[in-house]
Amino acid sequence: MTPGDSPLRPSPAPALRASDADRDRVASVLAEALATGRLTSLEHADRLQATYDSATVDQLAPITADLPDVTATGSGPATVRQEVSAVFSKVIRGGRWIAGRHTALNATFGALIVDLSDAVLPGREITLEVNSYCGKLIVRVPENAHVIDEVSALFAKRHISGGLGDEGGPVIRVVGRVTFGKVIVARERSDWNLPGKP
């Protein structure tokens, strides 16, 4: 009991921390609202970002206050897995978009450039599965991201940076394989053209 409290008037209970399951339930409501035209794609992206930035259940409540509830199907949010590929081509993905909790990035005889700095990341931790064969794969991560490097390379050039990031920033686990190709994962575009790594 803190000074000023009395047995007749207890201090308010602390806000209940939100779990990943709580956030996923809100994400399911938002996905349904987008599919039925209740939300525009921009409103959906903004609310989904707020959902995964929320730390408490109280912060989640206003996000869907004006939307009908949906029955949980157990399938989780619609953004669990996503794939972006460049085959004999150059593909650039950036701006405001919703990444998957597990996103596969494939470059085969092509170039794939993915910018996550403005993307909505669905969760505290996401996995990027990078696969490059005779291709170039470049990924820009948010400035506060913590990057975990688990990529293997064979006859390839690789540069994966990101370090510890900021406390509370997203964790981005990078897995996969690069063969006869090049992969760069970094925070700044200036890191994309490294000396000795054309």
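For the structure itself, look to the data block above.
What you see is a predicted model; the values in this text were computed from it and never measured.

Draft legend 1. Structural view of the overall build of the protein chain. Secondary structure assignment for the protein chain yields three helices and ten strands. The N-to-C order of helical and strand elements in the protein chain reads α-α-α-β-β-β-β-β-β-β-β-β-β. Split into buried and exposed, the 198 residues of the protein chain put 40% on the buried side. Of all intrachain contacts in the protein chain linking residues separated by at least 6 positions in sequence, the fraction that spans at least 24 positions is 65%. Approximately 10,800 Å² of the protein chain is accessible, and the part contributed by carbon and sulfur atoms is 55%.

Draft legend 2. Local environment of the packing of aromatic side chains. Per the counting criterion, the structure on display carries four aromatic pairs. Seen in terms of ring centroids, Phe-88 and Phe-109 are 5.1 Å apart; in terms of plane orientation they differ by 5°. Their pairing is stacked. Of this pair, Phe-88 sits in the loop between strand E1 (81-87) and strand E2 (90-93) while Phe-109 sits in the loop between strand E3 (102-108) and strand E4 (111-115), and the two are 21 residues apart along the sequence. By relative accessible area, Phe-88 is classed as exposed at 64%. Judged by its relative accessible area of 41%, Phe-109 is partly exposed. Plain terms: the ring middles of Phe-155 and Phe-180 are 5.4 Å apart, the flat faces sit at 5° to each other, and that makes the pair stacked.

Draft legend 3. Representation of the layout of surface pockets in the model. Of the volumes computed, that of the second largest pocket is approximately 210 Å³. Along its surface, the second largest pocket is lined by 14 residues, and Gln-49, Asp-53, Leu-121, Asn-144 and Pro-170 are the ones closest to its centre. Within the lining of the second largest pocket, the residues separate by chemical class into six nonpolar, six polar and two charged. Each of domain 1 (17-71) and domain 2 (80-197) accounts for three or more of the residues forming the lining of the second largest pocket.

Draft legend 4. Spotlight on the sheet that holds E4. The five strands are arranged E2-E4-E6-E10-E8 in an open sheet whose pairing can be described as parallel. Only two strands of the sheet have a single partner each, and these edge strands are E2 and strand E8 (157-160). Direction aside, neighbouring strands of the sheet carry axes that sit 5° apart on average. Where E4 and strand E6 (residues 136-140) come together, five bridges link them in parallel fashion. The residue of E6 that forms the bridge with Leu-112 is Leu-137.

Definitions and cut-offs
- Each chain carries its own residue numbering, running from 1 in the direction its sequence is written.
- Local features in this predicted model are restricted to residues of pLDDT 70 or higher, and side-chain atom pairs are both shown and tallied only at a pLDDT of 80 or more, whereas totals for entire chains, interfaces and linings draw on every residue.
- To obtain the side-chain values, all non-hydrogen atoms of the structure were included, while hydrogens and water were left out.
- Under the scheme used here, helices are H or I runs from DSSP no shorter than 4 residues and strands are E runs no shorter than 2 residues, and both carry numbers assigned from the N terminus.
- Residue exposure (1.4 Å probe, protein chains only): buried if accessible area is under 20% of the type maximum, exposed if over 50%, otherwise partly exposed.
- Residue contacts are defined here by distance: any two heavy atoms, one from each residue, within 4.5 Å place the two residues in contact.
- Per-residue accessibility takes into account occlusion by the displayed protein chains alone, with areas from the Shrake-Rupley method and a 1.4 Å probe.
- Aromatic rings from Phe, Tyr and Trp, taking only the six-membered ring of Trp, are treated as a pair when their centres fall within 6.5 Å; an angle between ring planes under 30 degrees marks them as stacked, one over 60 as edge-to-face, and anything in between as tilted.
- Grid spacing is 1 Å over the protein atoms alone, the probe is 1.4 Å, and a cavity is where that probe fits but cannot get out, while a pocket is an open set with protein on both sides within 12 Å along at least five of seven lines and lining residues have an atom within 4 Å of a point.
- Grid points are joined across faces, edges and corners, and a volume is the space filled by probe spheres set on the points.
- Note that Gly is not counted as nonpolar here; it falls among the polar residues with everything else outside the nonpolar set of Ala, Val, Leu, Ile, Met, Phe, Trp, Tyr, Cys and Pro and the charged set of Asp, Glu, Lys and Arg.
- For every domain, the bounds stem from an assignment made automatically or drawn from a database.
- Strand pairing follows a simple DSSP-based rule, namely that at least 2 bridges must link the two strands.
- Angles shown run from 0 to 180 degrees and are taken between the N-to-C directions of axes, each axis being a line fitted to C-alpha atoms and, for helices, limited to the stretch in contact.

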